Amino acid sequence: MSSVKDKFRRLGLHKRRKPLEFLAKILDPITRGVINYYCKIWSGHTSRLWMHLNHRLMKWVRWEKGHYIKSAVRWLRTKFKENPNLFYHWKIAHP
């Protein structure tokens, strides 16, 4: 799991000036691979990984949109309600 977290960190998501849909395209193959490999039987052991990824997305919202923490979380939740299938890991862990 630490190697997957390092991969998320190396992507530098929070410093990309791209739309959220572009970030979803970048993260989609990685998250699908992790879910297919680690979550076949039980997905509870990857909950920290998905929290970490949601935190990285919140960090992107704060940097890109200029929101504070609470408003960034609120913005991500509204995006989740608009399109719950945008990020593949949102099927397991909601923002």
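Quantities reported herein were computed from a predicted structural model and do not represent experimental measurements. Within any chain, residue numbers begin from 1 and follow the written order of that chain's sequence. Per-residue local features are limited, in this predicted model, to residues with pLDDT of at least 70; the limit for side-chain atom pairs, both in listing and counting, is 80 or more; totals at the level of whole chains, interfaces and linings are taken over all residues. To get the side-chain values, take all heavy atoms of the structure and skip hydrogens and water.

Chemist: When you look at the overall build of the chain in this model, what are you seeing that I'm missing?
Modeler: Comment: elements are numbered from the N terminus, with helices defined as DSSP H or I runs of at least four residues and strands as E runs of at least two. A count of helical and extended segments in the chain gives four helices and zero strands. Start at the N end of the chain and walk to the C end: the helices and strands fall as α-α-α-α. Taking 95 residues into account, the globule formula puts the C-alpha radius of gyration at 12 Å, and the chain, at 13 Å, falls close to it. Only protein chains enter the area calculation, which uses a 1.4 Å probe; residues under 20% of their type maximum are buried, those over 50% are exposed, and those in between are partly exposed. Expressed as a percentage of its 95 residues, the buried residues of the chain come to 37%. A separation threshold of at least 6 residues defines the contact pool for the chain, and within that pool the share at least 24 residues apart is 57%. Methods summary: accessible areas were calculated by the Shrake-Rupley approach with a probe of 1.4 Å, and residue burial reflects only the protein chains presented. If you sum the accessible surface of the chain, you get close to 6200 Å²; carbon and sulfur atoms cover 53% of it. In summary, the charge assignment counts Lys and Arg as positive and Asp and Glu as negative, without counting His or the chain termini. All charge positions are set by atom: Lys at NZ, Arg at CZ, Asp at CG, Glu at CD. The distance from the centre of the 22 positive side-chain charges to the centre of the 5 negative ones in the chain is 6 Å. Atoms counted for the radius of gyration: C-alpha only. Globule rule: 2.2 Å times residue count to the power 0.38. Whether two residues are in contact is decided by their heavy atoms: any pair within 4.5 Å suffices.

Chemist: So what exactly am I meant to see when it comes to the side chain of His89 here?
Modeler: Here His89 shows up in the segment after helix H4 (69-82). By relative accessible area, which is 0% here, His89 ends up buried. Setting aside its immediate chain neighbours within four residues, His89 contacts Thr31, Ile35, Trp50, Leu53, Asn54 and Leu57.

Chemist: Quick question: what am I supposed to make of the pattern of salt bridges here?
Modeler: Where side chains of opposite charge bring their charged atoms close, a pairing between them can arise. Salt bridge criterion: a side-chain nitrogen from Lys or Arg within 4 Å of a carboxyl oxygen from Asp or Glu. Counted according to the given criterion, the structure contains four salt bridges. In this structure, Arg9 engages Asp6 in a salt bridge whose closest nitrogen and oxygen atoms are separated by 3.4 Å. Of the two residues, Arg9 and Asp6 are both situated in helix H1 (residues 2-11); the distance of three residues between them amounts to about one turn of the helix. Arg9 gets classed as partly exposed once you look at its relative accessible area, which sits at 45%. Its salt-bridge partner being Asp28, residue Arg32 comes within 3.0 Å of it at the nearest N-O pair. Linking Arg32 with Asp28, this pair stays in helix H2 (residues 20-38), spanning four residues, or about one helical turn. Note on Asp28: relative accessible area 24%, which makes it partly exposed.

Chemist: Hey, could you run me through the confidence of the model for the chain in this one?
Modeler: Detailed conclusions should not be drawn from predicted coordinates in areas where pLDDT is low. Every residue carries a pLDDT, the predictor's confidence in it, which falls somewhere between 0 and 100. Averaged over every residue, the pLDDT of the chain is 90; residues scoring 70 or more account for 100%. No element of the chain has a lower mean pLDDT than H1, at 89, and none a higher one than H4, at 95.

Chemist: How should I be thinking about the nonpolar core in this particular structure?
Modeler: The tendency in soluble globular proteins is for nonpolar side chains to be buried as a group. Within the largest apolar cluster, 27 residues are counted, with the highest numbers of intra-cluster contacts made by Phe8, Leu20, Leu27, Trp50, Phe87 and Trp90. Residues in contact with Leu20, not counting those within four places in the same chain, are Trp60, Trp75, Lys79, Leu86 and Phe87. In these notes, a set of buried Ala, Val, Leu, Ile, Met, Phe, Trp, Tyr and Cys residues joined through side-chain atoms within 4.5 Å is what counts as a nonpolar core.

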